[in-house]
Amino acid sequence: MQSVLIGQIVNVHGIKGEVKVYPYTDDVDSLSKNLKKVYFDENLKEGFKTSCRVQKGMLLVKISGIDTVEKAEELRNKYIYISEDALETLEEDSYYVKDLIGLEVIDISSNEVFGTLDYVFNTGANDVYEITTTNNTKVYLPAIKQVIKKVDIKARKIYVEIMEGLI
């Protein structure tokens with residue numbers, strides 16, 4: 001079973017052991033509805049049942065066995081994982097960031113390898129892809145239809161059109 005990093009505990013909330021989680025997704029509502037079991041180890045050794053709600057873009061999570069502020073405080077800065085099979089199936093042309101990292105980026109104008117996708121930032125308006133080019137420089141491309149032409153997860157390739165003045 002594979003693990004997926006979904007967030008980090010950044011604070012406690014209230015006096016009954018609830019924790020505040022900074023989510024590593026932009027679909028917080030969906031995550032809160034489906035968050036049933038979490039792990040603090042990416043090897044998924046021991047899972048904890050949860051209940052969850054959203055407040056101001058953060059997840060407020062109640063973890064089984066954590067009933068006091070002191071116990072919740074011990075979890076501060078820990079990362080939270082879920083099993084990959086707990087993820088929802090996405091609509092067509094939607095992808096999890098974990099599936100995009102490491103994909104080869106192809107420039108459609110030359111059909112040559114441009115680089116590798118290393119990281120995805122969310123700016124609010126759109127995502128931005130951090131790409132390490134073949135000459136080992138960092139380039140940032142907006143994840144918009146005018147630039148990202150095709151994502152082929154099975155072939156592990158992203159096809160892009162580098163518009164003039166973009167880089």
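These lines cover the structure that appears in this document, whether it is placed above or below. This one's a predicted model, so the numbers in the text were calculated from it and none came from an experiment. (Residues numbered from 1 in each chain as written. Predicted model: local features only at pLDDT ≥ 70, side-chain atom pairs only at ≥ 80, totals over all residues. Heavy atoms only, no water.)

Before going further, it helps to spend a moment on the pairing of strand β10 (residues 138-142). Direction of pairing for strand β9 (residues 127-133) relative to β10: antiparallel, over a ladder of five bridges. Within the sheet, the bridge partner assigned to Tyr129 lies in β10 and is Leu141. In this structure, the hairpin formed by β9 and β10 is closed by a connection of four residues, where Asn136 is found at a positive phi of approximately 65 degrees. (Pairing = 2+ DSSP bridges. Helix = DSSP H or I, 4+ residues; strand = E, 2+ residues; numbered from the N terminus.)

Let us look at the pattern of salt bridges. The full count for this structure, using the stated rule, is 10 salt bridges. Asp99 is paired through a salt bridge with Lys98; the nearest N and O atoms lie 2.8 Å apart. For Lys149, the salt bridge identified is with Glu161, shortest N-O distance 3.5 Å. Remark: Glu161 occurs in the segment after β12 (157-160) and Lys149 occurs in strand β11 (residues 148-152); sequence separation between them is 12 residues. Lys149 sits in the partly exposed class, given a relative accessible area of 42%. Through salt bridges that share partners, Glu84, Lys98 and Asp99 make up one connected network. (Salt bridge = Lys/Arg side-chain N within 4 Å of Asp/Glu carboxyl O. Buried < 20%, exposed > 50% of the residue type's maximum accessible area, 1.4 Å probe, protein only.)

Let us look at the side chain of Glu130. Mapped onto the fold, Glu130 is located in strand β9. Among residues more than four places away in sequence, those in contact with Glu130 are Thr116, Leu117, Asp118, Tyr119, Phe121, Lys138, Val139 and Tyr140. (Contact = heavy atoms within 4.5 Å.)

Quick look at the nonpolar core now. The biggest cluster of nonpolar side chains holds 18 residues, and the ones touching the most others in it are Ile6, Val19, Val21, Leu35 and Val61. Listing elements by their share of this core, those giving two or more residues are β1 (3-13), β2 (18-23), α1 (28-34), β5 (58-63) and β6 (79-83). Here this core gets four residues from one element, more than from any other, and that element is β1. In this structure Val61 touches Gly17, Glu18, Val19, Val21, Leu35, Thr50, Ser51 and Cys52, once residues within four positions along its chain are discounted. Residues Leu100, Leu117, Leu141 and Ile148 belong to the second largest nonpolar core, which totals 15 residues. (Core = buried A, V, L, I, M, F, W, Y, C linked by side-chain atoms within 4.5 Å.)

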